[in-house]
Amino acid sequence: MTTFTYKAIPAGAGGAMVTGALDAPSADTVRATLRDKGLIVIELKSSKGLPAFSLKSRKSALKRKDVVWFFQTLRRLLASSVPIEQAMSTMVELAPTPGAERACTTTLDSLRTGDSLADAVQRTSGLARPQHLALLRVGHESGRLRHCVELIESSIESRERLRKTIVSKLTYPVIVVLAALGAVLFLSTYVIPSFAETLESAGAALPLSTQITLDASRWLIWIIPPLILAGLAALTLKPQDLSPNFRRLIDRSAHRLPIVRDLITLSQGAIIVDTVATMLEGGGDLLAGLEQAHDAITSPIVRDRLAQAVKAVREGHDPGEALHENDVLPLQADALVRIGVRSGDLVNALKQAAAVCIEEQEQAADRLLTLMGPVILLSLALVVLWIVYSLISGMMSINDISALG
């Protein structure tokens, strides 16, 4: 038997933080006992003073499709009651890419040395996020490994669906921007300089508008290609590749833009509530779920707010109120979480909050794209109009010379 100390809050409206200790064979037994007593577990530690499970985040090295395949295949094999080592041996044979095969081989070798699945998966960089490793540890302790793998697969599928939605909605504006840059570059580097040479050969002085456009075209020759390369490089960068100060600067600037600020808040809120819901459904603790969400989000501003909320929860504050007071979640998600804490049905409330965040995020993306289209077209029209005006001004100068002759 092991002694576990715990912090919990009563399910239902109100109620102060409850602390205590229980002797039990496993952490899952303690969680089940407290749930039967109508308590929501906030934190659970063993007699050694360590959390029921701990994790270390690791930098991603696998491709996204390899991670999706790994957990999808593992879930299917476990659902067929295949032992974990046999399932991993089968996955080594079925691996579609060298990266997936390497991940399966490393995991299998680790399992054969006696490691748990969580420890084995953690040996492959990028195979599992911190919250997914936590779920695997919970599944190992509780004997509900298959259920936890199903939750991980569901979480990955939700993130993939959201990513594909955003990419598909941003494809059109990106194509329009590239086409506009190409058109401006062509006009500035070929049409305007050739026309200016014609004017100079005819002995006409360049009008001010034509001179401005010509000077701008000379700058654009050097500016546009680096801008395109910088944009392509930015697409390959990940938030962790940037310095903390630069990330904070970008995040602070983005939070000043109304619709962009909404997109950031909704996307980070979806990650937070989905992570906590997945952890609780897998048998984990609320505080551990919040800590894993803190490691998963990318916005420095939201991370700072969540850190303050986690600190308040540690000190015994109501989790819903802690998130609300620190302005961590969007309005509707915030309200759903507070209702879930008071009613004791926190998992379903978190799931509903995640769905609301994703739905509102798609709506905010639609609003942004609705504005981006006309703005891009209007900007392109103004640039082309100025270039045409420059050409007409030059042609009128030639006519003036012809009239004087």
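Structure's up top.
Draft legend 1. Geometry of the sheet that holds strand β1 (residues 2–10). The strand order across the open sheet built from three strands is β2-β1-β3, with neighbouring strands paired in antiparallel fashion. The open sheet has two edge strands with one neighbour each: β2 (18–24) and β3 (39–45). When the angles between neighbouring strand axes are averaged without regard to direction, this sheet yields 35°. Pairing geometry for β1 and β2, over seven bridges, is antiparallel. Its bridge partner lying in β2, A8 is registered against V18.

Draft legend 2. Broad picture of the environment of L136. Take L136: it is sitting in helix α6 (residues 130–142). Note: C-alpha distance between L136 and L151 (15 residues apart in sequence) is 9.9 Å. Not counting residues up to four positions away in its chain, the partners in contact with L136 are L117, A118, V121, L145, V149 and I152.

Draft legend 3. Here's a closer look at helix α2 (residues 64–79). Relative to the 22 Å expected for 16 residues at 1.5 Å per residue, α2 spans 23 Å between its end C-alpha atoms, a close match to the ideal helical length. Along α2, the positions that sit buried rather than exposed are D66, V67, V68, W69, F70, F71, T73, L74, L77 and L78. Positive phi appears at S81, one or two residues downstream of α2, with a value of about 65°.

Draft legend 4. Representation of the packing of helix α11 (residues 286–296) against helix α12 (residues 300–314) in the model. α12 packs onto α11 with a crossing angle of 165° between their chain directions and a minimal axis gap of 10 Å. The angle between the axes of α11 and α12 places the two elements in the roughly antiparallel class. Relative to α12, the crossing made by α11 is left-handed. Two secondary-structure elements touch here, α11 through L287, L290, E291, A293 and H294 and α12 through R303, L306, A307, V310, V313 and R314. Its residues assigned to classes, the contact of α11 with α12 shows seven nonpolar, one polar and three charged.

Draft legend 5. Here's a closer look at the packing of aromatic side chains. On inspection of all chains with the given rule, the structure shows two aromatic pairs. Aromatic pair W386 and Y389: ring centres 5.8 Å apart, planes at 45°, arrangement tilted. One end of the pair is W386 and the other is Y389, both in helix α15 (residues 346–404) and three residues apart, which spans about a single turn. For W386, a relative accessible area of 38% translates into the label partly exposed.

Draft legend 6. Up close: the nonpolar core. Counting residues in hydrophobic clusters, the biggest one holds 36 residues, and the most contacted among them are F70, L74, M88, M91 and V121. The set of elements that each furnish at least two residues to this core consists of α2, α3 (84–94), α4 (98–112), α5 (117–122), α6 and α7 (145–201). Broken down by element, this core gets its largest block of residues, eight residues, from α2. Ignoring sequence-local partners within four residues, the contact set of L74 consists of I84, M88, M91, L117 and V149.

Cut-off values and rules
- Residues take numbers from 1 onward in each chain, read along the sequence in its written order.
- Only residues with pLDDT of 70 or above have their local features reported here, since the model is predicted, and side-chain atom pairs are shown and tallied only from 80 upward, although totals for entire chains, interfaces and linings are computed over all residues.
- Computation of side-chain values covers all heavy atoms of the structure but excludes hydrogens and water.
- We call two strands paired when DSSP finds no fewer than two bridges between them.
- A helix here means a DSSP run of H or I that spans at least four residues, while a strand means a run of E at least two residues long, and both kinds are numbered starting from the N terminus.
- To define axes, lines are fitted to C-alpha atoms, for helices over the stretch in contact only, and angles between the resulting N-to-C directions are given on a 0 to 180 degree scale.
- Only heavy atoms enter the contact rule, under which two residues are in contact if any of them lie within 4.5 Å.
- An expected span of 1.5 Å times one less than the residue number is assigned to each helix.
- Throughout, exposure labels follow a simple rule: accessible area from a 1.4 Å probe, protein chains only, divided by the maximum for the residue type, with under 20% read as buried, over 50% as exposed, and the rest as partly exposed.
- An angle below 35 degrees is read as roughly parallel, one above 145 as roughly antiparallel, one from 65 to 115 as roughly perpendicular, and any other as oblique.
- Should the near helix be turned anticlockwise from the far one by less than a right angle, the crossing is left-handed, and should it be turned clockwise, the crossing is right-handed.
- Each residue receives one of three labels: charged for Asp, Glu, Lys and Arg, nonpolar for Ala, Val, Leu, Ile, Met, Phe, Trp, Tyr, Cys and Pro, and polar for the others, Gly being one of them.
- Stacked, edge-to-face and tilted are the three classes for Phe, Tyr and Trp ring pairs, Trp counted by its six-membered ring, which pair at centre distances within 6.5 Å; planes under 30 degrees apart are stacked, over 60 edge-to-face, the rest tilted.
- Here, nonpolar core refers to any group of buried Ala, Val, Leu, Ile, Met, Phe, Trp, Tyr and Cys residues whose side-chain atoms link them within 4.5 Å.

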